[in-house]
Amino acid sequence: MEKKKNKKNVLLEKRKAGLTIIFVTVICLIVSLCGAGVWFSNINFTSNSLSDDSISGDGKYATIDNDINTDELFDSMYYVTLDTLSNSVAFGTNWLSICTDSNKTLDGKIYYKVCDSEFKTKNDVITYLRKYISNDLASKMVGEQYLDYNNELYVIPYSLDRDERYIQMDSYNIVSESNDKIVYNVKSMYSDIDCVDNCNYTYKINKFVIEKINSRWVVSEMEMPY
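Residues numbered from 1 in each chain as written. Predicted model: local features only at pLDDT ≥ 70, side-chain atom pairs only at ≥ 80, totals over all residues. Heavy atoms only, no water.

Some remarks on the pattern of salt bridges
By the definition in use, this model includes four salt bridges. D163 is the partner of R165 in a salt bridge, and the nearest nitrogen-oxygen pair spans 3.1 Å. Residue class for R165 comes out partly exposed when judged on its relative accessible area of 34%. (Salt bridge = Lys/Arg side-chain N within 4 Å of Asp/Glu carboxyl O. Buried < 20%, exposed > 50% of the residue type's maximum accessible area, 1.4 Å probe, protein only.)

Re the state of the cysteines
Summed over the entire model, instances satisfying the criterion amount to two disulfides. Two residues share a disulfide in this structure: C195 and C199, whose sulfurs sit 1.8 Å from each other. Residues C195 and C199 share a disulfide whose torsion about the S-S bond is about -115 degrees; that sign makes it left-handed. Sequential numbering of the bridged cysteines in the chain gives the disulfide pattern 1-2, 3-4. (Disulfide = S-S within 2.5 Å.)

Concerning the pairing of strand β5 (residues 146–149)
Strand direction decides the pairing type here: β5 and strand β6 (residues 152–155), joined by four bridges, are antiparallel. Pairing of Y146 across the sheet is with V155, part of β6. Turn length for the β5-β6 hairpin, with the two strands adjacent in sequence and antiparallel, is two residues, and the turn residue N150 shows positive phi of about 55 degrees. (Pairing = 2+ DSSP bridges. Helix = DSSP H or I, 4+ residues; strand = E, 2+ residues; numbered from the N terminus.)

A short note on the sheet that holds strand β3 (residues 104–106)
Two modes of strand pairing occur in sheets, parallel and antiparallel, and in both the strands are linked by backbone hydrogen bonds. Judged by pairing direction, the sheet is antiparallel, and its four strands sit side by side in the order β3-β4-β6-β5 without closing on themselves. Only two strands of the sheet have a single neighbouring strand rather than two, namely β3 and β5. Strand-to-strand twist of the sheet, defined as the mean angle between neighbouring strand axes without regard to direction, takes the value 45 degrees. In this sheet, β6 lies alongside strand β4 (residues 109–113) in antiparallel orientation, the contact comprising two bridges. Residue Y112 lies in a different strand from β6, and its bridge partner there is V155. (Axes fitted to C-alpha atoms, helices over the stretch in contact; angles between N-to-C directions.)

Considering the side chain of S134
For S134, the position within the fold is in the loop between α3 (122–129) and α4 (135–142). By relative accessible area, S134 is classed as buried at 7%. Polar contacts involving the side chain of S134 include one to the main-chain amide nitrogen of L137, which spans 3.2 Å. Not counting residues within four places of it along the chain, the set of residues in contact with S134 comprises I213, V218, V219 and S220. (Polar contact = N/O pair within 3.5 Å; in protein donor to acceptor, adjacent residues only side chain to side chain. Contact = heavy atoms within 4.5 Å.)

Concerning the packing of α3 against α4
Remark: α3 packs on α4, axes separated minimally by 9 Å, with the N-to-C direction vectors making an angle of 130 degrees. Between α3 and α4, the angle falls in the class oblique. In this structure, α3 meets α4 at a crossing whose hand is right-handed. Of α4, the residues touching α3 (which contributes K122, V125, I126 and L129) are N135, A138, S139 and V142. (Parallel < 35°, antiparallel > 145°, perpendicular 65-115°, else oblique. Left-handed = near helix turned anticlockwise from the far one by under 90°.)

If you want it as structure tokens, here you go:
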């Protein structure tokens with residue numbers, strides 16, 4: 001009888017020990033969770049690495065607009081735009097092939113049909129120019145001299161003379177700058193056509209404006225230097 005009683009007491013002690021271990025484990029877990037909560041509450045998950053500067057571009061080529069390289073933009077856009085306009089709409093319609101004996105009088109004006117496989121509509125010309133200039137500037141330069149008629153392109157032939165005294169772009173400076181617009185003054189050099197030595201150079205300032213439209217830099221205004 002005494003042995004059974006001792007055995008029962010041993011079982012009770014083991015149960016108490018087991019419950020004590022479980023209780024201590026739960027307390028430790030609660031304490032650990034509370035500590036972790038305090039630690040996480042002190043963490044600021046809001047990134048401070050970026051300011052309010054707007055960012056454009058993709059991947060490693062992304063740039064902060066407040067750090068625009070105005071020289072690179074000028075170099076990449078001024079010369080190619082000058083060449084494109086000089087060889088197209090800036091000096092008339094001579095850059096297009098005109099069909100002979102194709103004149104039509106429309107709205108009191110004489111138009112000639114364009115026989116150019118690349119430019120079949122007025123929009124084709126505007127799309128070509130929009131590689132470098134804004135849609136508004138392209139539409140303005142094309143103007144009323146270009147007309148769509150019976151799904152074909154017609155133009156009023158005309159030409160403008162260039163200033164043959166033009167030598168080159170001398171320098172430029174920035175008039176104003178923002179995240180989406182840069183205004184330049186471009187200084188161009190001129191001299192007498194036949195001058196070789198000791199020329200009397202003159203200079204003229206022309207306006208050149210680029211704007212960021214639909215995430216792309218384009219020329220929105222350009223005064224031709226010649």
